[in-house]
Amino acid sequence: IARRLRTAVANGLGLQAFLTRDRDQEVPLDERTAFANNYKADLFISIHANASRSQGARGSEVYFLSHEASDEDSRRLAMAEGGLVTPGVPQAGSADVALILWDMAQAEHLEESSALATHIQEELAEVTGSQGRGIKQAPFRVLVGAAMPAVLVEVAFISNADEERLLTSEEYQGKVVAALVRGLARYQQQREHRRGTTA
């Protein structure tokens, strides 16, 4: 999905996209946002397949960073995907100043992250039928270091047998990618409009 999104963003929106990895390899969560920061990226989108104890759970969810999880499921998910992190609280082996700067940078982009999450989830919901899942917040480790608007996108539940099958379908992957591009386009238009009215 990420590879197809990179191509679709370039062809459909005229934007350049970089992947934190282009093959099946493990990249530490902190390095992913460091990669985006090094490229001075405008946005950071982390794409995942979701999982739940409930095999009936289905649909997409989009998260942006917060100090506290918006609900218990979000807290559990953040813990499963790299551990809970409280922005601004020193972690083992991390410099206090660096964490404070990261927290300040993310706080500056919180409103933009919320807008990006909203547009992406609204478009994905049309494909996945998950209008009720909404936008959520959680202290995901992969989002903490981003010095730009950042979201984590759960495109489907791999723990749901039907959605697991869909994730292997090129047709479904194409629908997900098209929804992501539409969400990005709406966000881009809204941001340009805001900048135009405040310039």
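Nothing here was measured: the structure is a model prediction, and the numbers come from that model.

A. Just the overall build of the protein chain, in detail. Within the protein chain one finds eight helices and four strands. Counting over 199 residues, the protein chain shows a buried share of 40%. For the protein chain, the exposed area adds up to about 10,600 Å²; of that, 50% sits on carbon and sulfur atoms.

B. Representation of the packing of aromatic side chains in the model. Inspection of every chain in the model, using the stated rule, returns three aromatic pairs. A ring pair is formed by F35 and Y39, whose centres lie 4.8 Å apart and whose planes are at 50 degrees; its orientation type is tilted. You can call F35 partly exposed: its relative accessible area is 25%. Residue classification places Y39 among the partly exposed positions, given a relative accessible area of 43%. Here Y63 and F140 contribute two aromatic rings whose centre-to-centre distance is 5.0 Å and whose plane-to-plane angle is 75 degrees, an arrangement assigned as edge-to-face. Taken as a pair, Y63 in strand β2 (residues 61-65) and F140 in the loop between β3 (135-138) and α6 (141-144) lie far apart in primary sequence, 77 residues in all. With respect to burial, Y63 and F140 carry one shared label: buried.

C. A look at the side chain of N50. Residue position: N50 is located in strand β1 (residues 44-50). A distance of 2.9 Å separates a polar atom in the side chain of N50 from a polar atom in the side chain of E61.

D. Region of the structure containing the pattern of salt bridges. Scanning the model with the defined rule gives twelve salt bridges in all. A salt bridge links K136 to E61; the shortest N-O distance between them is 2.9 Å. Separated by 75 residues along the polypeptide, K136 in strand β3 and E61 in strand β2 bring together distant segments of the chain. Grouping residues by exposure puts K136 and E61 together as buried. One salt-bridge network, held together by shared partners, links E122, E123, R182 and R186.

E. Layout of the environment of L43. Checked against the element boundaries, L43 lands in the loop between α2 (29-38) and β1. Judged by relative accessible area, L43 falls into the partly exposed class, the value being 25%. Taking the C-alpha atoms as reference, L43 lies 9.7 Å from L184; in sequence the two are 141 residues apart. Beyond its immediate sequence surroundings of up to four residues, L43 is in contact with L116, M148, P149, L184 and Y187.

F. Here's a closer look at the sheet that holds strand β4 (residues 150-157). Ordered in space as β1-β4-β2-β3, the four strands form an open sheet in which the pairing is mixed. This sheet does not close on itself; its edge strands, each paired only once, are β1 and β3. Along the sheet, successive strands turn relative to each other by an average axial angle of 30 degrees, direction set aside. Here six bridges tie β1 to β4, and the two strands are oriented parallel to one another. Counterpart to F44 in the pairing with β4 is A150. Against the sheet, helix α5 (residues 110-128) contacts β1, β2, β3 and β4, and its axis sits at roughly 175 degrees relative to β2.

G. Fine view of unusual backbone geometry. Phi angles above zero are rare outside glycine, and K40 is one such case at about 55 degrees. Mapped onto the fold, K40 is located in the loop between α2 and β1. Given the relative accessible area of 71%, K40 is considered exposed.

H. Local environment of the nonpolar core. Judged by nonpolar contacts, the single largest core of 22 residues is most densely connected at V62, I120, L124, V151, V153 and L180. Elements that contribute at least two residues to this core include exactly α1 (2-13), β2, α5, β4 and α8 (170-198). Among the elements that take part in this core, α8 stands out by supplying eight residues, more than any other. Those residues in contact with V153, other than ones at most four positions away along the chain, are I45, S46, I47, H48, E61, V62, I120, L124 and L180.

Conventions adopted
- Residues numbered from 1 in each chain as written.
- Predicted model: local features only at pLDDT ≥ 70, side-chain atom pairs only at ≥ 80, totals over all residues.
- Heavy atoms only, no water.
- Helix = DSSP H or I, 4+ residues; strand = E, 2+ residues; numbered from the N terminus.
- Buried < 20%, exposed > 50% of the residue type's maximum accessible area, 1.4 Å probe, protein only.
- Areas by Shrake-Rupley, 256 points an atom, 1.4 Å probe, with all protein chains shown as cover.
- Phe/Tyr/Trp six-rings, centres within 6.5 Å; stacked < 30°, edge-to-face > 60°.
- Polar contact = N/O pair within 3.5 Å; in protein donor to acceptor, adjacent residues only side chain to side chain.
- Salt bridge = Lys/Arg side-chain N within 4 Å of Asp/Glu carboxyl O.
- Contact = heavy atoms within 4.5 Å.
- Pairing = 2+ DSSP bridges.
- Axes fitted to C-alpha atoms, helices over the stretch in contact; angles between N-to-C directions.
- Core = buried A, V, L, I, M, F, W, Y, C linked by side-chain atoms within 4.5 Å.

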